[in-house]
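Below are the chains, spelled out letter by letter.
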Amino acid sequence: RNEEAVDAILTFMAIHALGKVKDFQEELAPEFDATRHDLALAHILRTKPEVVPSFMRLQQKYKSLIIDSLSVDFQFSQFLQAENVPANLVVVKEKLAPHGDEGFAFFCFRIFVQMCGKQGAKSLQGSLFMTEYQFQRFRPGLDALQKLKTNEAATAYNAFLLLQGSKALSRFASSEHQALARLLCLGSATDHASGDSLREAFDALPSAERAQLARWLVADGIQHKPGYVLCNAPDLLLR
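Residues numbered from 1 in each chain as written. Predicted model: local features only at pLDDT ≥ 70, side-chain atom pairs only at ≥ 80, totals over all residues. Heavy atoms only, no water.

Colleague: For unusual backbone geometry, give the residues involved together with the corresponding values.
Modeller: A cis amide bond links Lys225 with the next residue in sequence, Pro226, at an omega value of -5 degrees. Among the secondary structure elements, Pro226 is positioned in the loop between helix 13 (207-218) and helix 14 (233-238). Even without glycine at this site, Ser188 takes up a positive phi of about 55 degrees. Counting through the fold element by element, Ser188 comes out in the loop between helix 11 (175-186) and helix 12 (192-204). In this structure, Asn232 is a non-glycine residue whose phi angle is positive, near 60 degrees. Tracing the backbone through its elements, the reader meets Asn232 in the loop between helix 13 and helix 14. By relative accessible area, which is 58% here, Asn232 ends up exposed. (Helix = DSSP H or I, 4+ residues; strand = E, 2+ residues; numbered from the N terminus. Buried < 20%, exposed > 50% of the residue type's maximum accessible area, 1.4 Å probe, protein only.)

Written out as structure tokens, the structure is:
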């Protein structure tokens, strides 16, 4: 099974750019313009698979997976820069979920290979584009796509925004943001489940009480006095 999967993904990598070949696309999928080359290739593989023998020989499940991967209208570079919205991830999830883990693996591997080959015309000695810096920029987006296997699109998208935003923020966005951060530490929250329970309780407070609690939690004892040392607060919050 693993050999068949590797064979299928290598075949996918070999043929995935055929839709960009002008003569090929114009003859077999003239109704698609050059900007829709993935959809053009998906149409060709669906209606005339015999013109791509390496694809034609694959098992049906891999044929369907390749066609569905090509049919996803999703620009990863736009996602990395938050140009798109959670609805774009809904399309990815709906297309790939029927294929299970293998579907997401195919889709993500294709994105990775495409990015590695961005400067392929300049050199064949490895990837000039995929440096350590580019990989660290790329990886959070890839991880977010993988989370679609178990999370809803909006959850995966917002987790990505929180992660990326936290890297660039040098200060808290508001006093409530700072207060909530301290509250999470006081509650020994180390994952989303424990963090969400504290956040929900904080959000459920009447606005006046929430503002008063925030003032107590952010008072530093230097410019804003007094500052409150909350000994054994984790034990209290656990109750």
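Text resumes after the structure shown.
Colleague: Could you give me a rundown of helix 10 (residues 153-168), with the residues and numbers involved?
Modeller: The first and last C-alpha atoms of helix 10 sit 23 Å apart over 16 residues, in line with the 22 Å expected at 1.5 Å per residue. Contacts from the buried residues of helix 10 go to helix 6 (76-80), helix 7 (86-96) and helix 9 (132-147). (Expected span 1.5 Å × (residues − 1). Contact = heavy atoms within 4.5 Å.)

Colleague: Tell me what's going on with the pattern of salt bridges, and back it up with residues and numbers.
Modeller: Two side chains bearing opposite charge may form a pair once their charged atoms approach each other closely. Under the counting rule described, the total for this entry stands at 8 salt bridges. A salt bridge links Asp143 to Arg139; the nearest nitrogen and oxygen atoms lie 3.9 Å apart. Of this pair, Asp143 and Arg139 both sit in helix 9, 4 residues apart, which is roughly one turn of that helix. The residue Glu176 makes a salt bridge to Arg210 at a minimum N-O spacing of 3.3 Å. One end of the pair, Glu176, is in helix 11; the other, Arg210, is in helix 13, and 34 residues separate them in sequence. (Salt bridge = Lys/Arg side-chain N within 4 Å of Asp/Glu carboxyl O.)

Colleague: For the packing of aromatic side chains, give the residues involved together with the corresponding values.
Modeller: Summed over the entire model, instances satisfying the criterion amount to 11 aromatic pairs. Measuring from ring centre to ring centre gives 6.2 Å for Phe76 and Phe79, while their planes differ by 50 degrees; the resulting arrangement is tilted. Within this pair, Phe76 and its partner Phe79 are both found in helix 6, separated by 3 residues, close to a single helical turn. The exposure class assigned to Phe76 is buried, which follows from its relative accessible area of 7%. Phe79 sits in the buried class, given a relative accessible area of 0%. Feature note: the residues Phe74, Phe76, Phe79, Phe107, Phe112, Phe135, Phe138, Tyr157 and Phe160 constitute an aromatic cluster, connected by ring pairs. (Phe/Tyr/Trp six-rings, centres within 6.5 Å; stacked < 30°, edge-to-face > 60°.)

Colleague: Which residues make up the environment of Asn88, and what are the values?
Modeller: Within the secondary structure layout, Asn88 lies in helix 7. Under the relative-accessibility criterion, Asn88 is labelled partly exposed at 25%.

Colleague: Describe the nonpolar core, naming the residues involved and giving the relevant values.
Modeller: Counting residues in hydrophobic clusters, the biggest one holds 25 residues, and the most contacted among them are Phe74, Phe76, Leu89 and Leu145. Counting residues per element, the ones that place at least two in this core are helix 6, helix 7, helix 8 (100-116), helix 9 and helix 10. In terms of residues, this core owes the most to one element, helix 8, which gives 6 residues. Leu145 has contacts with Phe74, Phe76, Leu89, Phe104, Phe107, Cys108 and Ile111, leaving out every residue within four places of it along the chain. Grouped together as the second largest cluster of nonpolar side chains are 24 residues, Met13, Leu28, Leu45 and Ile66 included. (Core = buried A, V, L, I, M, F, W, Y, C linked by side-chain atoms within 4.5 Å.)

Colleague: Talk me through the environment of Ser194; I want residue IDs and the actual numbers.
Modeller: As for its placement among the helices and strands, Ser194 is situated in helix 12. Judged by relative accessible area, Ser194 falls into the partly exposed class, the value being 24%. Polar contacts involving the side chain of Ser194 include one to the main-chain amide nitrogen of Thr190, which spans 3.3 Å. A polar contact is formed between the side chain of Ser194 and the side chain of Asp191, at a distance of 2.8 Å. (Polar contact = N/O pair within 3.5 Å; in protein donor to acceptor, adjacent residues only side chain to side chain.)

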